[in-house]
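Descriptive analysis of the structure
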Amino acid sequence: MRKNYIYAGLTVSIWATLAAISKILLTDIPNLETLFISGTFAFVFLFLINIKNGSLQEMKRYSLKDYGIMAGLGFLGLFLYSALYNYGLTQLSSQEACILNYLWPIMLVIFSCLILKEKFTLIKGIAMLCSFLGIVILSTGERNIAGGNAVSGMLGCIVSAACYGLFSVLNKKADYNQNITMMIIWLTVALCSAVFGLMTEDWKPVSGIHWLGLMWLGVFIDAVAYLLWALALQGAENTAKIANLAYLTPFLSVVVSAVVLKEQIKLRAVIALVFIVGGILLQSLYDAVRKKHMSH
């Protein structure tokens, strides 16, 4: 069990750097160029992992339709999600964008009710209300980014969270081998970023220090962290306890952004974060209590 907590702790620590690292890169490199390079790093790393563990042999049992579904999941869940989140980062402070990004678990609940026909309960409604209040609180007060479009930035982050919540539900429903699926997904991200990026952006030469940041995004945040998270959940005796550690990420991310980017931690951002994450934890606690009650 200690090993699972170590995996989960490493994952949360890596994910906490996403907003700050992305924010730094996006000041010099266009959005989709950043996504193309980091997505390519992620695909290559996962391809090598799949060669080592023999997962590539399983690719023969999937049809073209299956790969089309995986590519569709990649377009929705990580291309649109990442592109919109990156846009939000260019318009907001990294702490604001990161907090809004953690609306995705609530989006997951909504889409689970709509698609998987899970029961909508009073607790789920309260959790959604808490998250909505968090958005309202975050949208008030002064903005941290001069010249940034706060409304479009927040909208980008909210739609981004919706894309990832929908992706999580559809990916669960599809139930493919995740090693293969994530590899195809990141290939899709890289290809879509190249196509749309070359049509809409003026790509720039990447300097040495930026390559390190892009490699960190692609290899560690996009590939290693997801694999560690899967290992942490796979071997856990209590999945809920491990999964709840993920909600430390936005709190750590706010601290990382304050240290690395010298962003002032706003009181309203902290209050908004408590409402958004509090709603998610309320839902998780209710599910855990109900499951324990049903087992007895």
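In the block above lies the structure referred to throughout.
Report follows, based on the coordinates. (Residues numbered from 1 in each chain as written. Predicted model: local features only at pLDDT ≥ 70, side-chain atom pairs only at ≥ 80, totals over all residues. Heavy atoms only, no water.)

**Some details on the pattern of salt bridges**
- The final tally for this structure, using the stated rule, is two salt bridges.
- Between Glu58 and Arg61 there is a salt bridge whose closest N-O contact spans 3.3 Å.
- You can call Glu58 partly exposed: its relative accessible area is 29%.
- Looking at Arg61, the relative accessible area reads 56%, which means it is exposed.
- The salt bridge involving Arg268 is made with Glu96; its shortest N-O contact spans 3.0 Å. Highlighted residues: Arg268 in helix H13 (residues 267–295) and Glu96 in helix H5 (residues 94–101), separated in sequence by 172 residues. (Salt bridge = Lys/Arg side-chain N within 4 Å of Asp/Glu carboxyl O. Buried < 20%, exposed > 50% of the residue type's maximum accessible area, 1.4 Å probe, protein only. Helix = DSSP H or I, 4+ residues; strand = E, 2+ residues; numbered from the N terminus.)

**Notes on unusual backbone geometry**
- Phi is positive for Lys262, close to 60°, though the residue is something other than glycine.
- Structurally, the position occupied by Lys262 is in the loop between helix H12 (249–260) and H13.
- On the basis of relative accessibility, which here comes to 69%, the residue Lys262 falls in the exposed class.

**Digging into the environment of Gly74**
- In this fold, Gly74 is placed in helix H4 (residues 64–91).
- Put simply, Gly74 and Leu187 are 113 residues apart on the chain and 8.2 Å apart in space, counted from C-alpha to C-alpha.
- Each residue touching Gly74, except ones within four places of it in the same chain, is listed here: Phe79, Ile185, Thr188 and Val189. (Contact = heavy atoms within 4.5 Å.)

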